[in-house]
Amino acid sequence: MSAKALIVIDMLNSYEHQDAERLLPSVREALPNITRLIEQAREHDAEVIYVNDNFGLWRSHHDELLDVVLRGPHADLVEPIRPDEESLFVVKARHSIFFETPLEYLLRQHGIDTIVLCGQVTEQCVLYSALDAHIRHLNVIVAEDACAHIHGDLATAALQMMERNMRARLADSAEEIF
């Protein structure tokens, strides 16, 4: 039996960036599924790890980032999935959740060999994170209905690449993943 963790990618977001208008409809569609996954992971005592951009606020911590996005115009997209006291948090600066972050070390310390990815953006951060997990010999499950995209066609292609090239298992958030 493998230990699993849910990785919530870039969902603590103010949506004040160039592609936000294209992204928002997909986020609204994925949000209930992300919420379901978080609840499922917590019910099964799986680690819930938020890996998030820091928006250039290098002196900040996760509570400060959360405060910023909850004061923003799209707080309704963050409130349902806000981290609880048990959630872990990793700051990232680039697309991959692994690039120059302590995530790999954290996963190894917790004996986690399977990660479940959800969040945004399917054709960017989720894709690059799945690739980096694959080359680290981690098992990857992508909850495809719990991932938001900017470009639907690229998201479809990214999911196909993750499944075929990285041996990721594509799952639905309604499945018993944990």
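For the structure itself, consult the block above.
First things first, this report covers the structure right here in the doc. (Residues numbered from 1 in each chain as written. Predicted model: local features only at pLDDT ≥ 70, side-chain atom pairs only at ≥ 80, totals over all residues. Heavy atoms only, no water.)

## Some thoughts on unusual backbone geometry
Put simply, the rule is: We count a stretch as a helix when DSSP gives it H or I for four or more residues in a row; a strand needs E for two or more, and each element gets its number in order from the N terminus. Exposed residues in this analysis have more than 50% of their type's maximum accessible area, buried residues have under 20%, and partly exposed residues fall in between, with area computed by a 1.4 Å probe over protein chains only.
Following Gln-120, the chain continues to Val-121 via a peptide bond in cis, the omega torsion being 5 degrees. By the element assignment, Val-121 lies in the loop between β4 (112–120) and α4 (122–135). Positioned with a positive phi, Tyr-15 is a non-glycine residue whose angle comes to about 55 degrees. Note on placement: Tyr-15 falls in the loop between β1 (3–9) and α1 (20–43). Assessed through its relative accessible area of 4%, Tyr-15 is described here as buried.

## Points about the sheet that holds β4
Put simply, the rule is: Strand pairing follows a simple DSSP-based rule, namely that at least 2 bridges must link the two strands. Axis lines are fitted through C-alpha atoms, for helices just across the contact stretch, and the angle between N-to-C directions can take any value from 0 to 180 degrees.
With parallel pairing, 6 strands are arranged side by side in an open sheet as β3-β2-β1-β4-β5-β6. Whereas interior strands pair on both sides, the edge strands pair on one side only; in this sheet they are β3 (88–92) and β6 (169–171). For this sheet, the mean inter-axis angle between neighbouring strands, taken without regard to orientation, is 25 degrees. Of the pairings in the sheet, the one linking strand β5 (residues 139–148) to β6 comprises 3 bridges and is parallel in character. Looking at the pairing, Ala-143 lines up with Ala-171 of β6.

## Regarding the nonpolar core
So the rule is basically this: The criterion is simple. A nonpolar core is a set of buried Ala, Val, Leu, Ile, Met, Phe, Trp, Tyr and Cys residues joined through side-chain atoms within 4.5 Å. Between two residues, a contact is recorded if the distance between any of their heavy atoms is within 4.5 Å.
Leu-6, Val-8, Met-11, Tyr-15, Ile-34, Leu-37 and Phe-178 are the most contacted members of the largest nonpolar core, which totals 36 residues. Residue assignment for this core shows that the elements contributing at least two residues are β1, α1, β2 (47–53), α2 (62–70), β4 and β5. No other element matches the 10 residues that α1 contributes to this core. Sequence-distant contacts of Tyr-15, that is, excluding residues within four places in its chain, are made with Ala-20, Leu-23, Leu-24, Val-27, His-74, Leu-77 and Gln-120. Judged by nonpolar contacts, the second largest core, of 29 residues, contains Val-51, Leu-103, Ala-158 and Met-162.

## Description of α1
Rule in force here: In this analysis, the expected span of each helix is defined as 1.5 Å times one less than the number of residues it contains. At every residue, the bend is computed as the angle between two fitted axes, covering the seven residues ending there and the seven beginning there respectively.
When the terminal C-alpha atoms of α1 are compared, their 32 Å separation across 24 residues agrees well with the 34 Å that a helix rising 1.5 Å per residue should span. Of all bends in α1, the biggest is about 40 degrees, found at Ala-30, and the proline Pro-32 comes one to four residues later. Once α1 finishes, Asp-45 follows within two positions and takes phi at roughly 55 degrees, a positive value.

## Quick notes on the state of the cysteines
What makes a disulfide is a covalent bond joining the sulfur atoms belonging to two cysteines. Filter applied, for reference: Pairs of cysteine sulfur atoms within 2.5 Å are identified as disulfides in what follows.
Taken as a whole, this structure holds 0 disulfides when the rule is applied. In this structure Cys-118 is not part of a disulfide, and its nearest cysteine sulfur, from Cys-147, lies 6.5 Å away. Judged by relative accessible area, which is 0%, Cys-118 ranks as buried. For the unlinked cysteine Cys-125, the closest cysteine sulfur is that of Cys-147, found at 11 Å. When its relative accessible area of 6% is taken as the criterion, Cys-125 is described as buried.

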